[in-house]
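A structural walkthrough
Listed below are the residues making up each chain.
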Amino acid sequence: MLSAADAWQRLRDLSVPDHYVQGLSSVEFTTAAQAGLGASRRVVQGKSLVLDETVTEWREGEGFTLRLHRGERGPIPPLRQHFFDYGLVEKDDRVFLHNRMRYEVGLGWLGRLLDVLLIRRVMQKQLRDVTLAQKLYYESGEPVTAAQLKSARGR
């Protein structure tokens, strides 16, 4: 079990999402700052999906918010906004990851329908997988494999 200080040291390290986000093939900072408000990194998923992740809120010792976007083009369509909130919560002398994904879908009624039929499920699965793999990585210090994540999902 990690202390709150140890958990924060792991959480605030923006250089290692490829250790717990399945399919990331590279992580590169696009700003001089590697932590704190305004720090930004570019991640590549698979061979072609390139995404920028910029810190828009930093709560020292507690968590931060990343805006997911493609440079000036914004998030991946049909999303208008896309944020990932990473956080820590202490309860009964234990520390828990408390992550959340927030997004806004465009395209009017069609976007709302896509959200209900597909997007929401994809986002929930991604959030669950990232949080679970992140927990495994923080506890072991070792990159999480697809097989480890699959096994952990079944528990």
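Residues numbered from 1 in each chain as written. Predicted model: local features only at pLDDT ≥ 70, side-chain atom pairs only at ≥ 80, totals over all residues. Heavy atoms only, no water.

With that settled, the discussion passes to the confidence of the model for the protein chain. Averaged over the protein chain, the pLDDT score is 95; the fraction of residues at 70 or greater is 100%. Within the protein chain, the lowest mean pLDDT, 93, falls on helix H3 (residues 146–153), and the highest, 98, falls on strand E4 (residues 63–69). (pLDDT = per-residue confidence, 0-100. Helix = DSSP H or I, 4+ residues; strand = E, 2+ residues; numbered from the N terminus.)

Looking now at the nonpolar core. Note on soluble globular proteins: their nonpolar side chains tend to be buried together. The biggest cluster of nonpolar side chains holds 33 residues, and the ones touching the most others in it are Leu 11, Leu 14, Tyr 20, Val 55, Phe 64 and Tyr 86. Listing elements by their share of this core, those giving two or more residues are helix H1 (4–11), strand E1 (24–29), strand E3 (49–59), E4, strand E5 (79–91), strand E7 (100–105), helix H2 (108–140) and H3. Residue contributions to this core peak at seven residues, all from H2. The residues contacting Phe 64, other than those within four sequence positions of it, are Trp 8, Leu 11, Arg 12, Leu 14, Val 55, Glu 57, Trp 58, Arg 59, Phe 84, Asp 85 and Tyr 86. (Core = buried A, V, L, I, M, F, W, Y, C linked by side-chain atoms within 4.5 Å. Buried < 20%, exposed > 50% of the residue type's maximum accessible area, 1.4 Å probe, protein only. Contact = heavy atoms within 4.5 Å.)

What follows concerns a nonpolar patch on the surface. Taken together, the side chains of Leu 107, Trp 109, Leu 110, Leu 113, Leu 114, Val 116, Leu 117, Leu 118 and Val 122 present a nonpolar region at the surface, about 860 Å² in accessible area. Relative to the helices and strands, Val 122 is located in helix H2. Exposure remark for Val 122: the relative accessible area of 46% places this residue in the partly exposed category. (Patch = residues over 30% accessible without salt bridge, like charges linked within 9 Å, V, L, I, M, F, W, Y side chains within 5 Å. Areas by Shrake-Rupley, 256 points an atom, 1.4 Å probe, with all protein chains shown as cover. Salt bridge = Lys/Arg side-chain N within 4 Å of Asp/Glu carboxyl O.)

This brings us to the packing of aromatic side chains. Taken as a whole and judged by the stated rule, the model has seven aromatic pairs. For the pair Trp 8 and Trp 58, a centre-to-centre distance of 5.3 Å together with 65° between the ring planes defines the contact as edge-to-face. Of this pair, Trp 8 sits in helix H1 while Trp 58 sits in strand E3, and the two are 50 residues apart along the sequence. One aromatic cluster is present, built from ring pairs that chain together Trp 8, Trp 58, Phe 64, Phe 84 and Tyr 86. (Phe/Tyr/Trp six-rings, centres within 6.5 Å; stacked < 30°, edge-to-face > 60°.)

Here we take up the pattern of salt bridges. Enumeration according to the criterion identifies 11 salt bridges in this entry. Note that Arg 41 and Glu 53 form a salt bridge whose closest N and O atoms lie 2.6 Å from each other. Of this pair, Arg 41 sits in strand E2 (residues 40–45) while Glu 53 is found in strand E3, placing the two residues 12 residues apart along the sequence. A residue is classified by how much of its surface remains accessible, and Arg 41, at 3% relative accessible area, is buried. Here Arg 120 and Asp 115 are joined by a salt bridge, their closest N and O atoms 3.0 Å apart. Connected via shared salt-bridge partners are Lys 125, Arg 128, Asp 129 and Arg 153.

Further remarks concern unusual backbone geometry. The peptide bond linking Pro 77 to Pro 78 adopts the cis configuration, its omega dihedral lying at 10°. Relative to the helices and strands, Pro 78 is located in the loop between E4 and E5. The residue Asp 93 is not glycine, and still its phi comes out positive at about 60°. Inspection of the secondary structure assignment puts Asp 93 in the loop between E5 and strand E6 (94–97). Residue class for Asp 93 comes out exposed when judged on its relative accessible area of 77%. Located in the positive-phi region is Leu 107, a residue other than glycine, with phi close to 75°. For Leu 107, the position within the fold is in the loop between E7 and H2. Given a relative accessible area of 51%, Leu 107 falls into the exposed group.

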